Structure formats: C-alpha cells, structure tokens
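Residues per chain, in single letters:
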Amino acid sequence: MGLLAGVLTSGLWLLRAHGATPGGPPWRAGTATAAAVDTTRPPLALTDRSARLLGVTAGDLVELSLTAAGPWHAFPVAQVYRPAEYPTEISRTRVDVRLHLADLQAIGGGRDDVDSVVVRVRRPARGADVAARLNALPMGFRAYTAADLAARGSTTFEVIARFHRAISVVTIVASSVFLLAIMALRGEEMRRQVGLMRLVGISRRSVAAAVLLIASAVALAGSLVGVGLGYVLSAAINLYYQRLFDTPLVFSQITLPLVAETVALSVVLGIAAGAVTAWRLLRRRPLEQLGR
Amino acid sequence: MTALGFLASRTLRRNPVRTALVVLGLCVTGALLLDMTMLAGGLEASLGQLLGRLGFAIRVVPKGTLPFSGDAQIPDADGLAAGIVGRPGVTAAVPVVATNVYVGGGRAAFASFALGVPDGGTGVYTVLQGQDLPRGGRAEPPDGTGAAVPVVVNRNMTRLDGVRIGDEVVLSGAPVPELSGSAGSVRARVVGVADFYVDLATQRSIALRTVDLRRVRGVPPGAASLILVRVSDPARVGAVVAWTNARDPRVDALSVGRFIARAGGRLTYFNQFALILSTLSLAVSFLLITAIVTLSLGERLGEIAVLRALGMTRVRVGAVIVLEGVALSVVSLPGAFLLGLGISGNLDAILRGAPGVPESLHFFTLTAAAVTRTVALLIVTGAAGGLYPAAVASRLGIASTLHAEVQS
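Residues numbered from 1 in each chain as written. Chains lettered and ligands numbered in written order. Predicted model: local features only at pLDDT ≥ 70, side-chain atom pairs only at ≥ 80, totals over all residues.

J.: What is the right way to look at the overall build of chain B in this model?
T.: Broken down by element type, chain B carries 13 helices and ten strands. For chain B, whose C-alpha radius of gyration is 31 Å, the value lies well above the compact-globule estimate of 22 Å for 408 residues. Projecting the C-alpha coordinates of chain B onto the three principal axes gives extents of approximately 105 × 50 × 30 Å. Out of the 408 residues belonging to chain B, those deemed buried represent 44%. (Helix = DSSP H or I, 4+ residues; strand = E, 2+ residues; numbered from the N terminus. Rg over C-alpha atoms; globule rule 2.2 N^0.38 Å. Buried ≥ 20, exposed ≤ 12 C-beta atoms within 10 Å, placed from the backbone.)

Pasting the structure below:
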C-alpha cells in the first residue's frame, strides 16, 4: 500500500461546499465591519464568479447553512481566486465556496463525513493495485485510479461527441443527395452539349473527365464557402457561450485537419456525384442525347 | 386550383429521377428538422409525461432547488404538509425524505438512494412484486433490537445484488454500521420490489418509512427533502401554490409547469443545438427547392410563355411554381417522418448513454406540437423555395421568350 495523504486531518486540504442557486438561500452575504479579514473566524475562499454573483469581495462576511432555517455560520472571505475551468462544471451556476474540511463538517453537525478521500501512492504505477486492494475491503466504498476517474468524468463528453458524429453522418447524407440532385440537373442541361461533343469525336473518357471536373469544382467551391460559414458560426458560438457562462473556455474549435477532412470529403462526394451523372449521360447514344 | 395542381404535378412527374432525388434530399433534411424539433422540447415533454404519470400536481422544495438536487431540507415539512392537506382540493401532501444510505446484506455494503415516506400507498413508487410498506402502525423508531423494519427495493437491487423479498438487510448511514456515529443502523426486511420512476440505469433505490430513515441518517424530526401534493381539482393548483409560498418563504411550491420550466433552464445546450440545426436543415431545404425548381424552370421557359400567350395570368403562373415547391415538401413528409423517427431512436439511445440520465426520460419525444411545427415549417419552406423561380416565371416576356425558344 502506498502512502495515505493526510486528507482528513492536515487542514491543508479544502473541500468544496455547494450552495444553492444564486438568488435563494442557503447563503447570505453581508459586509464586514472591518476591512481586514477577521482572523478570529475560520476563513473561506470564493471563485471570482461566485464573488461577483454574491456581490462580495475579500474581507466581507458570508454566512453558510445547510438549511434555509439555519443555523448560520459566518466566514470571512479570505481569498477570491480564479479557478482552473473544467468543461464538466461549466453549466453550474451555483456558488462555489472552499473552506477547510473541519469547518464544513462543523456546519453539517460535526459528523466525520467526507464525499471522497484522495490517496497519494508512493509509486503511481501501482495505483491500480492499491485501488483493487481497497475495493476488496468490505467497507462500502469504491476506489478509482486517476485514469478511471478521468475516463468516468469524460463519459458525458464522449456521449456528446458520439451524438455529434451521428448528426454529422445525417448532414453528410443530406448534402450528398443535394449534390447528386444538382448534378442530375446539370447533366440534363449538358445533354445536348454532350451529344454534340460525342458526335465531333470527343471521347467518352474526356466527356466523363469534364463532368467529374465540374462536379469536383462545385463540391470544392461549396466546401470552401461552408468552411467560411463554419468559421463565422464557430466564432458566434464561442462568443455567445463564453458570455453566457462567463468563462474563457473555447466551445467550438475549427482545426486545420478538420478543414482538410471536410474539404476532402466534399470533393470525394462531388466526384461520386459526377461519376453517377457521367454514367447517366454516357449510357445514351449521341443522337439520342440530341433528341433524335 | 385544380388546374394549377394538375400543371404542378405534371411538371414534377415529367422527370421522375430528378423529382425523386429532390424528395430524397428533402426527406433527409426534413428528418433532421423533425429530430431537432423533437429534441428542442423533448426532455421537458418527457419529464412532463413522467410527472403526469406520478399524479402529483405540486412539489414543495427548499427555496431555489429542484427535487433530489442536493442535501437541503424543509425544516418543518410535516407541519407544512399538514397545513397543505387542509387546503380545499388537496387530497394528499406527502413529505418525502430523500438521502443516501448503505445497504448491507452479505459480504459488502452498497450505497443506495433512499426514500422515506410516511406510509405505504403514497404513490411515490409502484410496487411490482410483494407488498407495499404497511399503513399506519408504529410511530416510534425501533431500537435496533426489535423487529426488522419493512423496506421496498428497486429492481436494480434484485438484479445487481441478488436481494429477494423476505431477505434481511442492514441499513446504516456509514459503510460500516459501527461508524454511523450519532446516527443509527437498523435491520430491515425486504417486503416488495418497486418501480421508482426516475432511477438511473444502475442506481439502487430503497423505500422505507420516514421515521426509520430519519433515524438511520440522523435527519431532524419533521424535516423532509420535499413534499408531494396531490389535488383533486387542477384548477386549484395555483391557489395551493400561492398559499404554500406565502405560508413558508423558505420553500418553493412548484406546479408541474413551473417545475419543468426550472429544470428546462438547465437544458440550454440541447435547445440551442436544436435551434441551430433546425435552422440549417430549413436553409438546406430552402436552397434545395429553390435550386431545383429554378433550374427546372430554365428547361420549360417556352412552355410557360405559351401558357401566358394562351391567357394564363402572371399570378397563376407564379402560383403553379410555388405549388411545385409546396408539393415537393408535402410528398417528402412521409419519408421525412419515417426517417426522422428511425434516426431519433438511435440518437436518443446515444444521449441516454450519458451518466446521470434516468431510465424513464427521453431526449427525443414525439409530440403533437413537434409534428405540427415540422409539417408547417416544411410546407412554408417549400412555398418560400418556390417564390424566386415564381417571380422569374411571372416576369417572363411572352414574345421574347418564344422567339428565343424558336431560335434555340
């Protein structure tokens, strides 16, 4: 077994206390009479967003309670800090308060309860062994390695990514049919022209190449316009959600590999649509195409 | 109108391959539109259906919260419930304690979601096998040495832990009963298996009487997590909500509509995603119809000029073209709905794989409003898609067009 860090007793570890939706109990804030932090009371730390929501700054008093009926416990705000932003927490509009574990337990009636215990092992490579041995204990808890937790934490985003991929398949099918319909119309328009070209001796291969070239050009032009539209939409999405959630996190990102993949896929689809059109055009004889 | 419809249908049937391609494209974009319309209000609709099935018209929760969203409690829930049940039209007010307990049966103890209800027969869950909790009876909690308290478990506990009706388990506030501290532990006997409505895929749930659960978790007497209120007359919901909010400012009394609205506030991602994709699918449908109808118009300019020469007015010529766009939309509707329903099933299964989604909730819900909105939007898009070519057709000069046709 590795080393169990003094998570519960060192006093250096802070636990997050979740308050209610801003605007309602169980939190209330007031301004301290002294500008300096009251050193006789246990302190707490607030994220900058929470401080803005509550309308308090360092030195102010914040009262916490587990229930709306109290009892209320006053804490001076010792620090307002900007936390590392995590996508999993972005939609939370609740106030995030950090205080010492013992202080939080005191609010809850002094029970020695924690939500989780963080274990630091001497040899990180043996984390899985330690977790397995802890899980073998009939104590009613579940131990996870950091990798397990990361995988569990990202499950929601993997689901969303799968959802986006499924939607993209639908849009690709829709755009393929769109392209095919456009090329079918274009082929109808080219019918007489192709008949004449065949009659003056231009080979089937050249005609097919011309049709493929047209289809590829249409697909390429469309994909370039689409990429431009994508950049505009992406910027709008980032602007909107960064303001909505008051965060610098990036919600939509267009990378060069993504652009390359999109353009390549469009051109391939264009060539496929062109091939179908060329086949439909060239299966008729030249005189037939001229309406004779 | 019959003549216009005849002309429009003849035009569409003239080139069946082209029409089929356009209809196929519209089926796909229409399916996407239907799915996004279903997604936009899907969770709210699904939640509404679930709440309707439960039969409680009002939920009283600690102010600013949602049911089961945290540890906050209503301090004098029993007193408040007694006051509510005395209001006209109220048939029941059930204070419910919701918390987590450890259930020890064999080798290990498992964390379980626990519901404390005053008596059996409250309707908070539906008993599937065995019996419900007893009604009335003992008012005082057991001292731990007496008879086992009755509990009802969910199907996950029978499936995952092998718990059966008649089994005896130990409930405690800590993984090991000896660590429960001031709170206690009780012996319990499983009397029934029930459906708890909002269980997660692998969530273990257990129901027991409030007095027993308060003892296990050290919940203060009279406190509860929420109060479920059943009314006989839906028209009285507003009055009961207003009375409850006035009686205790520390609580929120939520009607089903307000509850859904508050929960819906947390679903901005899906609503906005649906809005963006709906707009895109409508734009693609519009472009598809406009492009196809406009291009096909170029092939029959002479025909339209002849119709004009025969006395057909500009308005009627334009109407034929607009009708073609509408007809394309209408013809694509059955395919769009079939495809959309098929795709939505798969998309729903993907999203329900996310952690924390109750088994009985769905992201994509087919409602009458979603169907109406999709049909209306597609038909309007069809008409809008035909407007530009209609304007082109109605402005055609008869002589010049016929002259150009003869020359070509």
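The discussion continues.
J.: For this particular structure, what's the right way to read the packing of helix H11 (residues 314-351) of chain B against helix H12 (residues 368-394) of chain B?
T.: When two helices pack together, their arrangement is given by the angle between the helix axes and the distance between those axes. All names here are of chain B. Two numbers describe how H11 lies on H12: the axes approach to 7 Å, and their chain directions differ by 150 degrees. With respect to H12, the element H11 is oriented roughly antiparallel. Classified by chirality, the crossing of H12 by H11 is right-handed. Grouping the amino acids of the contact of H11 with H12 by side-chain chemistry returns 17 nonpolar, eight polar and two charged. (Axes fitted to C-alpha atoms, helices over the stretch in contact; angles between N-to-C directions. Parallel < 35°, antiparallel > 145°, perpendicular 65-115°, else oblique. Left-handed = near helix turned anticlockwise from the far one by under 90°. Nonpolar A, V, L, I, M, F, W, Y, C, P; charged D, E, K, R; others polar.)

J.: Honestly, the nonpolar core in this entry has me stumped. Any pointers?
T.: Most often, soluble globular proteins keep nonpolar side chains buried together rather than apart. Ala181(A), Ile227(B) and Val229(B) are the most contacted members of the largest nonpolar core, which has 135 residues in total. Of the residues forming this core, the biggest block, 15 residues, is contributed by H11(B). Contact partners of Ile227(B), with chain neighbours within four places excluded, come to Val60(B), Ile74(B), Ala77(B), Leu80(B), Ala81(B), Ile84(B), Ala93(B), Val94(B) and Pro95(B). Counting residues in each nonpolar core, the second largest holds 15 residues, with Leu44(A), Ala45(A), Leu53(A) and Val62(A) among its members. (Core = buried A, V, L, I, M, F, W, Y, C linked by C-beta atoms within 7 Å. Contact = placed C-beta atoms within 7 Å.)

J.: How should the environment of Leu4(B) be read in this particular structure?
T.: Residue and element names in this part refer to chain B. In this structure, leucine 4 sits in helix H1 (residues 2-14). Residue classification places leucine 4 among the partly exposed positions, given that 17 C-beta atoms sit within 10 Å. The spacing of leucine 4 and arginine 373 is 369 residues in sequence and 26 Å in space, taken between C-alpha atoms.

J.: Just checking my understanding: could you explain helix H6 (residues 210-217) of chain B for this structure?
T.: Because each turn of an α-helix spans 3.6 residues, side chains separated by three or four positions in sequence point in the same direction. Residue and element names in this part refer to chain B. Of all eight residues in H6, six are buried; the element is thus mostly enclosed. All of the buried residues along H6 are Thr210, Asp212, Leu213, Arg214, Arg215 and Val216. Positive phi appears at glycine 218, one or two residues downstream of H6, with a value of about 65 degrees.

J.: Hey, could you run me through the environment of Pro150(B) in this one?
T.: Residues and elements named next belong to chain B. You can see proline 150 is positioned in strand S5 (residues 149-154). On the basis of neighbour counts, which here come to 21 C-beta atoms within 10 Å, the residue proline 150 falls in the buried class. For the pair proline 150 and valine 191, spaced 41 residues apart in sequence, the C-alpha to C-alpha distance is 6.0 Å.

J.: Which parts of the structure should I look at to understand the packing of helix H5 (residues 155-189) of chain A against helix H9 (residues 268-299) of chain B?
T.: Where H5(A) contacts H9(B), the axes come no closer than 10 Å and their chain directions differ by 10 degrees. By the criterion of interaxial angle, the relationship of H5(A) to H9(B) is roughly parallel. Counted together, Ile167(A), Ala174(A), Phe178(A), Ala181(A), Ile182(A) and Leu185(A) of H5(A) and Leu277(B), Val284(B), Leu288(B), Ala291(B), Ile292(B) and Leu295(B) of H9(B) form the full contact between these two elements. Among the residues making up the contact of H5(A) with H9(B), the classes are represented as twelve nonpolar, no polar and no charged.

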